[in-house]
Amino acid sequence: MKLSGWGRYPVAYCRLTAPRTPDALAEARSHGPLIARGNGRAYGDSAMNEDNTVSTRHFNRLIAFDDSTGQLTAEAGVLLGDVIDAFLPRGWFPAVTPGTKYVTLGGMAAADVHGKNHHIDGGFGKTIDWLDIMGPDGTITRASRDKNAELFDTTIGGMGLTGVILRLAIRLRRVETGWILQHSHAAPNLTAAMEAFEAAHDAPYSVAWIDCLSTSDALGRSIVMLGEHAPLDRLPTRYRQIPFGPPPRRKRNLPFNLPAFALNRWTVGTFNAAYYRANARNAGTTYVPWDTYFYPLDGILGWNRIYGRRGFVQFQCVLPDDTARPGLEALLTATAEAGQGSFLAVLKKMGPEGGRLSFPMPGYTLALDFPVSDKVLTLMTQLDRITLDHGGRFYLAKDARLSRDMFHAADPRAATFAAMRRETGADTAFVSMQSERLGL
Amino acid sequence: MSGGAVLILGARSDIGMAIARAYAAEGHAIQLAARKADTLEPERNDITLRHGVDVTLHELDALDYDSHATFLDSLPTLPDIAVCAVGYMGEQSDNETDMQAARLVMRSNFEGPANLLALLANRFEARGSGTLIGISSVAGDRGRATNYVYGSAKAGFTAFLSGLRNRLAKRGVHVLTVKPGFVATKMTEGMDLPEKLTADPDKLARSVLRAAKMRRNIIYVKPVWWLVMLIIRNIPEAIFKKLSI
């Protein structure tokens, strides 16, 4: 069937099966190299294999929960949103969450996803106690920091290329409420935004929306949003009746693709300027429900269709601390000059490294969405170059078009990872369109 | 929110399991009945963890009619709601030539389910309350060359449910007939189903719960099926017999 990632680019006809048991999954290996696919939220071709894409959607059961430690054991196809539904009312929240709850736990591990607390808590991999992985020979191995540590470290952030994650144990964090105490303020330019991140190092959550079309003095102007889980005693009385927040918002659906002309320099520029001004005016401290704070876009199912029929691509890189400033300036200037702005431009300070191929490193990450066009693809190549020149690297869960040479030049760990795959036989058992494109 | 127990007959089916999950999410205790019930332990565990409700497993052979009364008496409580998702499609080509295969389809889709619901109906009637939900099929609306063995058994089941409803309407017992069109389940895996006409089990479950709450009588899960079947039912037989649909 026709398959794509969340960005709806690229699209390919893939043979997709959905085994119901580990035995049936092992059997799927007989159709050649495969790649596991969770909920299809990676943006590009990470979870696509034309001959053998294997959905983990039937591996969707919770297995155990330990109320004293917050350890949850679950099958890899469980959605993060289901974990929240089940455990937030009991006072537990994911210790690390990406910007959507429609991801599977297995996908989160494979991409070693990060959240707004990465600068303090690290990536999702840090919250994993162990993984059960089906390897190239079809046997299942349990890997943790103590046992089969090599497999553990390469699987976290390994994009499904070491094996299929079947089960995992993760830690949830205790929360008293489902509300987030949010402090937001406007940063009139990049310097101010970065200063805000440095000053807010102790804030549990931090992220900035950045206006990627602003130029000169206002280059990189941002709304910096800090957050923390609101303790019960600080919650306004009117919210205390519902400490775990109102039920998630009614979902709206974007039922069709917007025409390509709906997004252009003028509309996006106008939106960004208005968004910046509105938020600058409303800066301050507010109580926000968890769903709105962590998953603002989940409220609009199918928001990926606003970018039109050709789909969209996301550029996300991380730059090390010492080159972040000039690097970000160069990236933003190139984007603004090309006039290819996106609404969903995000800046975030990152903390320590994770698994062997995990994306994060200490520094700053910038994420930009663009509707697919020839001009955009040219701009992205330019952004790749700037990233490379500043010692940065790329996020594979967002990638749909990076070149093999660029990837290997920016990430010397890739060669080691590829060698490991050849050694274990994973290179002929687990293959995605992305791994072939990037030579992993 | 919480409510009385919900019994799922044929809990291994994707539809039965989806309905079980939907009721558990509303706080109902769940009784899962199927053959080799102990293999449903992972599901039991999962539903308990997600929704904090009691889930019990019960051995049931829908084709062993004599065991049905004992089975119902062994349940922890007489359920408030009973869902019959027992069914088996088989292969039409086998069903045409192998009478044993055909008989299995007829027994699995009509005799077994009817026997179970008959016994439950009497118990519900005596109590003066309860909801019976039967998963039938649009295939029962008119016999077609491509699946008339399955279809005829479902037609029997649909008629049986209709009669039960008529009999129990004044007795406080409600009967809901569900006629799913295509549903993406184990039963239809590998079939090339038209996307617009195909429901997923979770959506189907939500429709069933809503219909049961509103005390609807017959539902087609995707409304378009009502129209499709209206047309199919009304094609004159002289023409219908020459069609291949």
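Data block above holds the structure.
We now turn to the structure provided with this report. Quick caveat, the model's predicted, so the values are computed rather than measured.

1. Considering the overall build of chain A
Link 1 in the chain: Scanning chain A for helices and strands turns up 14 helices and 21 strands.
Link 2 in the chain: Taking 22 Å as the expected radius of gyration for a compact globule of 440 residues, we find that chain A reaches 21 Å, a close match to that expectation.
Link 3 in the chain: For chain A, the spread of C-alpha atoms along the three principal axes comes to 60 × 50 × 45 Å.
Link 4 in the chain: For chain A, the residues scored as buried account for 50% of the 440 residues in total.

2. Examining the packing of helix 1 (residues 14-25) of chain B against helix 2 (residues 41-51) of chain B
Residue and element names in this part refer to chain B.
Link 1 in the chain: Running from N to C, helix 1 and helix 2 point in directions that differ by 25 degrees, and their axes come no closer than 9 Å. Taken together, helix 1 and helix 2 sit at an angle that is classed as roughly parallel. The way helix 1 lies across helix 2 gives a crossing that is right-handed. From helix 1, M17, A20, R21, A24 and A25 reach across to helix 2, where they touch E43, I47 and H51.
Link 2 in the chain: The residue inventory of the contact of helix 1 with helix 2, partitioned by class, reads five nonpolar, one polar and two charged.

3. Section: the interface of chain B and chain A
Link 1 in the chain: At the interface, six residues of chain B touch six residues of chain A.
Link 2 in the chain: Each residue belonging to the side of chain B that touches chain A can be placed in one class, and the counts come to two nonpolar, one polar and three charged.

4. Looking at the sheet that holds strand 9 (residues 218-220) of chain B
Residue and element names in this part refer to chain B.
Link 1 in the chain: Ordered by their spatial adjacency, seven strands build an open sheet running 3-2-1-4-5-6-9, and the pairing between neighbours is parallel. Where the open sheet ends on each side, the last strands, each with one partner, are strand 3 (55-59) and strand 9. Looking at each pair of strands side by side, their axes are set apart by 15 degrees on average, direction ignored.
Link 2 in the chain: Here strand 1 (residues 3-9) pairs with strand 2 (residues 28-34) via five bridges, running parallel. Within strand 2, the position partnered with G3 by the bridge is H28.
Link 3 in the chain: On the sheet, helix 5 (residues 99-127) packs against strand 1, strand 4 (81-84), strand 5 (130-135) and strand 6 (173-179) and is oriented at approximately 165 degrees with respect to strand 5.

5. Some points on the sheet that holds strand 12 (residues 179-187) of chain A
Sheets are built from strands paired through backbone hydrogen bonds, the pairs being either parallel or antiparallel.
Residue and element names in this part refer to chain A.
Link 1 in the chain: Spatially, the eight strands line up as an open sheet ordered 16-12-14-13-19-20-18-21, and their pairing is antiparallel. Where the open sheet ends on each side, the last strands, each with one partner, are strand 16 (284-289) and strand 21 (393-394).
Link 2 in the chain: The pairing of strand 12 with strand 14 (residues 222-229) spans eight bridges and is antiparallel. Among the inter-strand pairings, H183 is bridged to a residue of strand 14, identified as L226.
Link 3 in the chain: Packing of helix 10 (residues 321-338) onto the sheet brings it into contact with strand 18 (312-320) and strand 20 (363-371), and relative to strand 18 it is tilted by some 150 degrees.

6. Examining the environment of F197(A)
All names here are of chain A.
Link 1 in the chain: Secondary-structure assignment places F197 in helix 6 (residues 190-199).
Link 2 in the chain: As a C-alpha pair, F197 and G125 span 72 residues in sequence and 23 Å in three-dimensional space.
Link 3 in the chain: If near-sequence neighbours (up to four positions away) are discounted, F197 is found in contact with S206 and K349.

Rules used in this analysis
- Residues numbered from 1 in each chain as written.
- Chains lettered and ligands numbered in written order.
- Predicted model: local features only at pLDDT ≥ 70, side-chain atom pairs only at ≥ 80, totals over all residues.
- Helix = DSSP H or I, 4+ residues; strand = E, 2+ residues; numbered from the N terminus.
- Rg over C-alpha atoms; globule rule 2.2 N^0.38 Å.
- Buried ≥ 20, exposed ≤ 12 C-beta atoms within 10 Å, placed from the backbone.
- Axes fitted to C-alpha atoms, helices over the stretch in contact; angles between N-to-C directions.
- Parallel < 35°, antiparallel > 145°, perpendicular 65-115°, else oblique.
- Left-handed = near helix turned anticlockwise from the far one by under 90°.
- Contact = placed C-beta atoms within 7 Å.
- Nonpolar A, V, L, I, M, F, W, Y, C, P; charged D, E, K, R; others polar.
- Pairing = 2+ DSSP bridges.

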